Amino acid sequence: MSRVLVLLAHPALHRSRANAALADAVRSLPGVTFHDLYAAYPHHHVDVAREQGLLRSHDVVVWQHPFYWYSAPSLLKEWQDVVLEHGFAYGDGGTALRGKRVLSALSTGGPAAAYQPGGYNRHTIGHLLAPFDQTAHLCGMTYLEPFVVHGVGQLSEAGLREVAGRYRDRIEALRDDGAGRNGGMAAGGMA
Ligand SMILES: Cc1cc2nc3c(=O)[nH]c(=O)nc-3n(C[C@H](O)[C@H](O)[C@H](O)COP(=O)(O)O)c2cc1C
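The shown structure was predicted, so the numbers you read here are calculated from the model rather than taken from an experiment. (Residues numbered from 1 in each chain as written. Predicted model: local features only at pLDDT ≥ 70, side-chain atom pairs only at ≥ 80, totals over all residues. Heavy atoms only, no water.)

Colleague: How should the pattern of salt bridges be read in this particular structure?
Modeller: Two side chains with opposite charge may pair up if their charged atoms get near one another. Inspection of every chain in the model, using the stated rule, returns 8 salt bridges. Put simply, Arg-27 and Asp-24 hold a salt bridge, and the shortest N to O gap is 3.3 Å. Judged by its relative accessible area of 36%, Arg-27 is partly exposed. (Salt bridge = Lys/Arg side-chain N within 4 Å of Asp/Glu carboxyl O. Buried < 20%, exposed > 50% of the residue type's maximum accessible area, 1.4 Å probe, protein only.)

Right, here's the structure in full:
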């Protein structure tokens, strides 16, 4: 079994539909550590030693967040900036994360069709997530196929439940050392 660390970054979880449902689907799973960054660090003072300790003791890291301005809410960026230090995550002696796996799990307001070359966001989600992919790569980690929930505003309650179920399956597969590739891109509840 792999140990999975889910890092949730949502600044207003009480108003969330998608991330709240995804969080509820995985927060109590055995072998999964669920860590709400905005709850832990309301003033954005990230405890670097604590976070590095958590990273050391897990095999799979999940960056779960709503897509904000084609990226993550700012606390996840702060977390990356201060936790993924030289000498820990990269550079001389920076080998702590080598061989671990990273999953981006995110929700978007825009529908899947918007994230295409002809769509109004012009780029694919994979293209827009390149900084996350490359961050993982520089740290010697494997960047997995992202889990994306598109078009949250158009998602029915049944669609939301279906997506949350597929997220739980994906996290369990990663924990159980499956390929972890089931349940990838979701578009308004449809694959
Ligand atoms: C500050 C902000 C920026 C956003 N930027 C994007 C964006 O770049 N692309 C997009 O598709 N949706 C964007 N959205 C919509 C959110 O991604 C969407 O509301 C969220 O994924 C819904 O998840 P939740 O129910 O967990 O809050 C943005 C929303 C906010 C508040």
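Now that the structure has been shown, the text picks up again.
Colleague: Sorry, what's going on with the site of the ligand here?
Modeller: Near the ligand lie 16 residues; those nearest to it are Ser-16, Arg-17, Phe-67, Ser-107 and Tyr-115. The backbone of Phe-67 places a nitrogen or oxygen atom 2.8 Å from an oxygen atom of the ligand. Interatomic distance of 2.9 Å between a backbone N/O atom of Gly-110 and an oxygen atom of the ligand. (Near = heavy atom within 4 Å. Polar contact = N/O pair within 3.5 Å; in protein donor to acceptor, adjacent residues only side chain to side chain.)

Colleague: Before we go on, may I ask you to explain the side chain of Ser-107 in this structure?
Modeller: As for its placement among the helices and strands, Ser-107 is situated in strand 4 (residues 101-107). Among the polar contacts made by the side chain of Ser-107, one reaches the side chain of Asn-19 at a distance of 2.9 Å. Ser-107 has contacts with Ala-18, Asn-19, His-65, Pro-66, Phe-67, Val-149 and Val-152, leaving out every residue within four places of it along the chain. (Helix = DSSP H or I, 4+ residues; strand = E, 2+ residues; numbered from the N terminus. Contact = heavy atoms within 4.5 Å.)

Colleague: Even after reading the chapter, I still don't get unusual backbone geometry, so can you show me in this structure?
Modeller: What you tend to see is this: most non-glycine residues have negative phi, and most peptide bonds are trans. One non-glycine residue, Tyr-70, adopts positive backbone phi at about 60 degrees. With respect to the helices and strands, the residue Tyr-70 is situated in the loop between strand 3 (60-66) and helix 4 (74-83). By relative accessible area, Tyr-70 is classed as partly exposed at 36%. Of note, Arg-122 is a non-glycine position whose phi angle comes to about 65 degrees, a positive value. Take Arg-122: it is sitting in the loop between strand 4 and helix 5 (125-128). Taking the relative accessible area as the measure of exposure, Arg-122 reaches 58% and is therefore exposed.

Colleague: I'm lost on the packing of helix 3 (residues 48-56) against helix 4 in this one. Help?
Modeller: If you want to describe how two helices pack, look at the angle between their axes and the distance between the axes. Contact pair helix 3 / helix 4: the axes reach a minimum separation of 10 Å and the direction vectors enclose 85 degrees. Here helix 4 runs roughly perpendicular to helix 3, going by the angle between their axes. Only Trp-79, Val-82 and Val-83 of helix 4 make contact with helix 3, whose side of the interface consists of Val-48, Glu-51, Gln-52 and Leu-55. Taken together, the residues of the contact of helix 3 with helix 4 sort by class into 5 nonpolar, 1 polar and 1 charged. (Axes fitted to C-alpha atoms, helices over the stretch in contact; angles between N-to-C directions. Parallel < 35°, antiparallel > 145°, perpendicular 65-115°, else oblique. Nonpolar A, V, L, I, M, F, W, Y, C, P; charged D, E, K, R; others polar.)

Colleague: Explain the packing of aromatic side chains to me, please; I cannot follow it from the model alone.
Modeller: Counted according to the given criterion, the structure contains 6 aromatic pairs. Measuring from centroid to centroid gives 6.1 Å for Phe-67 and Tyr-70, while their planes differ by 90 degrees, and the two rings are edge-to-face. Relative accessible area serves as the criterion here: at 11%, Phe-67 is assigned to the buried category. Centre to centre, the rings of Phe-147 and Tyr-167 are 5.2 Å apart; their planes meet at 45 degrees, and the pair counts as tilted. Taken as a pair, Phe-147 in strand 6 (residues 147-150) and Tyr-167 in helix 7 (residues 157-175) lie far apart in primary sequence, 20 residues in all. Each of the two residues, Phe-147 as well as Tyr-167, counts as buried. (Phe/Tyr/Trp six-rings, centres within 6.5 Å; stacked < 30°, edge-to-face > 60°.)

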